[in-house]
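Survey of secondary and tertiary structure
Each chain, written out:
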Amino acid sequence: MIEETRVAIAEFLGIELISYNFIQLDIWSIIHFLSGILVMFLIFKFLKLNIYLKYLLLFLIIGFFEFAESYIYINQQLFNGFVRAENFIDTFWDIIVGLFGGIAYHVIYLVKKW
């Protein structure tokens with residue numbers, strides 16, 4: 001029961017929204033966008049850094065999570081098939097979409113401040 005549910009959720013999140021040559025976006029991209037917003041919110045809320053360091057930190061955090069996701073996939077026997085395989089293009093767009101989420105939060109922050 002739990003395994004079937006996990007597989008159904010993974011298949012749903014893996015539905016491709018856009019897949020064209022070098023662009024690959026799926027429903028997971030929405031989650032990456034929202035996580036970029038959340039991480040940037042936390043960076044703005046708790047860290048007093050200049051804007052360049054905030055974006056660098058956002059990039060490093062998103063990149064770390066993508067690296068961790070790849071590590072989990074490579075070591076499937078340890079994690080019982082928890083994540084699906086991703087190619088380089090998908091990983092690249094996960095990072096870009098997460099950064100766009102951070103930019104969206106920054107714009108919202110500036111508008112609220114104005």
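For clarity, every value in this text was computed on a predicted model and none was experimentally measured.

Taken as a whole and assessed by the stated rule, the structure comprises seven aromatic pairs. Ring plane angle 65 degrees and centroid distance 5.5 Å describe the contact between phenylalanine 44 and tyrosine 105, whose orientation is recorded as edge-to-face. Taken together, the residues phenylalanine 44 in helix 2 (residues 27-46) and tyrosine 105 in helix 5 (residues 88-113) connect sequence positions 61 residues apart. The same class applies to phenylalanine 44 and to tyrosine 105, which are both buried. Ring geometry for phenylalanine 44 versus tyrosine 109: centroids 4.7 Å apart, planes at 55 degrees, classification tilted. With a gap of 65 residues between them, phenylalanine 44 in helix 2 and tyrosine 109 in helix 5 connect regions that are remote in the sequence. Classification of phenylalanine 44 by relative accessible area gives buried; the value is 10%. The exposure class assigned to tyrosine 109 is partly exposed, which follows from its relative accessible area of 31%. Each residue in the set Phe41, Phe44, Tyr105 and Tyr109 is aromatic and connected to the rest through ring pairs, giving one cluster. Stacked on the ring of phenylalanine 44, the Lys or Arg lysine 54 has its end atom at 4.0 Å from the ring centre.

All right, on to the packing of helix 2 against helix 5 then. Helix packing geometry: the angle between the two helix axes and the distance between the axes. Interhelical geometry of helix 2 versus helix 5 gives an angle of 50 degrees and a closest axis separation of 7 Å. Judged by the angle between their axes, helix 2 and helix 5 are oblique. In terms of crossing hand, the pair formed by helix 2 and helix 5 is right-handed. Between helix 2 and helix 5, the contacting residues are Ser29, His32, Phe33, Gly36, Ile37, Met40, Phe41 and Phe44 on the first element and Asp94, Val97, Gly98, Phe100, Gly101, Gly102, Ala104, Tyr105, His106 and Tyr109 on the second. Class assignment for the residues of the contact of helix 2 with helix 5 results in 10 nonpolar, seven polar and one charged.

Moving on, we come to the nonpolar core. With nine residues, the main nonpolar core is built from Val39, Met40, Ile43, Phe44, Leu58, Ile62, Ile95, Leu99 and Tyr105. The element contributing the most residues to this core is helix 2, with four residues. Filtering out sequence-adjacent residues up to four positions away, phenylalanine 44 remains in contact with Ile51, Lys54, Tyr105, His106 and Tyr109.

One can describe the packing of helix 3 (residues 51-74) onto helix 5 by two numbers: an axis separation of 10 Å at closest approach and a directional angle of 145 degrees. Of the two possible hands of crossing, helix 3 and helix 5 adopt the one that is right-handed. Residue-level contacts link Ile51, Tyr55, Leu58, Phe59, Ile62, Gly63 and Glu66 of helix 3 to Thr91, Asp94, Ile95, Gly98, Leu99, Gly102, Ile103 and His106 of helix 5. Class assignment for the residues of the contact of helix 3 with helix 5 results in eight nonpolar, five polar and two charged.

Criteria and cut-off values
Residues numbered from 1 in each chain as written. Predicted model: local features only at pLDDT ≥ 70, side-chain atom pairs only at ≥ 80, totals over all residues. Heavy atoms only, no water. Phe/Tyr/Trp six-rings, centres within 6.5 Å; stacked < 30°, edge-to-face > 60°. Helix = DSSP H or I, 4+ residues; strand = E, 2+ residues; numbered from the N terminus. Buried < 20%, exposed > 50% of the residue type's maximum accessible area, 1.4 Å probe, protein only. Lys NZ or Arg CZ within 6 Å of the ring centre and 35° of its normal. Axes fitted to C-alpha atoms, helices over the stretch in contact; angles between N-to-C directions. Parallel < 35°, antiparallel > 145°, perpendicular 65-115°, else oblique. Left-handed = near helix turned anticlockwise from the far one by under 90°. Contact = heavy atoms within 4.5 Å. Nonpolar A, V, L, I, M, F, W, Y, C, P; charged D, E, K, R; others polar. Core = buried A, V, L, I, M, F, W, Y, C linked by side-chain atoms within 4.5 Å.

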